[in-house]
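An overview of the molecular structure
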Amino acid sequence: MRFPDRPSAGRQLADAVARLRLNDPVVLGLPRGGVPVAHEVARVLGAPLDVLVVRKLGVPSRPELGFGAIGEGGVRVLNDSVVRAARVREQDLARVEDAERSVLEGRLRRYRGQRAAVPLGGRTAVLVDDGVATGSTALAACRVARAQGAARVVVAVPVAPPEALGVLRREADEVVCLSSPEWFTAVGQWYDDFSQTEDEEVAALLARHAHDRAGGAAGAGGPEGTG
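So, a few notes on the structure that sits alongside this text. These numbers were taken from a predicted model, which means no experiment stands behind them.

Attention now moves to the sheet that holds strand S5 (residues 76–78). Strands sit in the order S3-S4-S5 across an open sheet of three strands; the sheet is antiparallel. The outermost strands of the open sheet, each flanked by one partner alone, are strand S3 (55–59) and S5. When the angles between neighbouring strand axes are averaged without regard to direction, this sheet yields 50°. Pairing analysis gives three bridges linking strand S4 (residues 62–70) to S5, with the strands arranged antiparallel. Each residue of the ladder has a partner; that of Ala69, found in S5, is Val77. Here helix H4 (residues 90–112) sits on the sheet in contact with S3, S4 and S5, set at roughly 155° to S3.

As structure tokens, this is what we get:
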């Protein structure tokens, strides 16, 4: 299955996610490319839209080897076996985390502006990306969402290889994927238009969704209150 672009993939994905009839969902796009997809899912579900920014913590001597990940609100999840095997010292851990947290907080400011994060406590977190290659980022996002209080975690993507889906199904409560080709080299090969999503587009989609929801709530809850 090929997709014309991210919004089109999002509309198709939204139909599949809607069939789950989720309780109190919050749709979380994984920046940057996951946000245009997530916007369509949130619109169809009538759910709040936010971002879940995850930063990998890399072993100082081998940055490509992740020993954990961080999310906002001070959330940190560690892979204890990697920490032990790589002999990551507490001071090294703190130094890597401080550097990555600075990047994370800067991105959140660009994406949200002055808006607060949508709380996840007791809710269903729907993690949306434009596709999954290895599953490592989505896996970390699942763990961060749980650490932020999500009662249930759903991963929803248009396309992913079977082996990555297997990894995610061991972590998420539900995984929704429209296409899982055996021959898979990159997410972009399954899109006609896979142009880069810029920070400005992410911020604009989040702001538009928040404005539309606020307008809808005001209309439903005003003095005339008939919806």
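What follows continues from the structure just given.
So, on to helix H6 (residues 162–169). Along an α-helix, a turn takes 3.6 residues, which lines up residues three or four apart on a common side. Taken residue by residue, H6 has Ala164, Leu165 and Leu168 as its buried positions. Along the axis of H6, the buried positions cluster into a sector of 100°, meaning they face one direction only. Buried-residue contacts for H6 involve helix H5 (136–147), strand S7 (152–159) and strand S8 (174–179).

Relative to the helices and strands, Glu97 is located in helix H4. The buried category is assigned to Glu97, whose relative accessible area is 12%. Within polar-contact distance, the side chain of Glu97 engages the side chain of Arg76 at 3.0 Å. If near-sequence neighbours (up to four positions away) are discounted, Glu97 is found in contact with Leu57, Ile70 and Arg76.

A few words now on unusual backbone geometry. Arg32 follows Pro31 through a cis peptide bond whose omega is -5°. You will see that Asp24, though not glycine, has its phi angle at about 50°, which is positive. Among the structural elements, Asp24 can be located in the loop between helix H1 (6–18) and strand S1 (25–29). Given a relative accessible area of 37%, Asp24 falls into the partly exposed group. Not every positive phi belongs to a glycine, and Arg87 is a case in point at roughly 55°. For Arg87, the position within the fold is in the loop between helix H3 (80–85) and H4. The exposed category is assigned to Arg87, whose relative accessible area is 72%.

This paragraph deals with the nonpolar core. One finds Leu13, Val17, Val27, Val51, Phe67 and Val128 to be the most contacted residues of the largest nonpolar core, which totals 42 residues. The residues contacting Val27, other than those within four sequence positions of it, are Ala38, Val41, Ala42, Leu45, Ala47, Pro48, Leu49, Asp50, Val126 and Val128. Grouped together as the second largest cluster of nonpolar side chains are 29 residues, Ala69, Ala125, Ala138 and Ala164 included.

Moving on: H4. Under the 1.5 Å per step criterion, the end-to-end length of H4 is 32 Å for 23 residues, consistent within 8% with the ideal 33 Å. Taken together, the buried positions of H4 are occupied by Asp92, Leu93, Val96, Glu97, Glu100, Arg101, Leu104, Gly106, Leu108, Tyr111 and Arg112. Positive phi shows up at Gly113, right after H4, with a value of about 70°.

Another point: the sheet that holds strand S2 (residues 49–51). Taken together, five strands build an open sheet; the order of strands is S2-S1-S6-S7-S8 and the sheet is parallel. For this open sheet the edge positions go to S2 and S8, each flanked by a neighbour on one side alone. Each strand of the sheet is rotated relative to its neighbour by a mean of 25°, with strand direction disregarded. Pairing analysis gives five bridges linking S7 to S8, with the strands arranged parallel.

Cut-offs used in this document
Residues numbered from 1 in each chain as written. Predicted model: local features only at pLDDT ≥ 70, side-chain atom pairs only at ≥ 80, totals over all residues. Heavy atoms only, no water. Pairing = 2+ DSSP bridges. Helix = DSSP H or I, 4+ residues; strand = E, 2+ residues; numbered from the N terminus. Axes fitted to C-alpha atoms, helices over the stretch in contact; angles between N-to-C directions. Contact = heavy atoms within 4.5 Å. Buried < 20%, exposed > 50% of the residue type's maximum accessible area, 1.4 Å probe, protein only. Arc of directions from axis to C-beta. Polar contact = N/O pair within 3.5 Å; in protein donor to acceptor, adjacent residues only side chain to side chain. Core = buried A, V, L, I, M, F, W, Y, C linked by side-chain atoms within 4.5 Å. Expected span 1.5 Å × (residues − 1).

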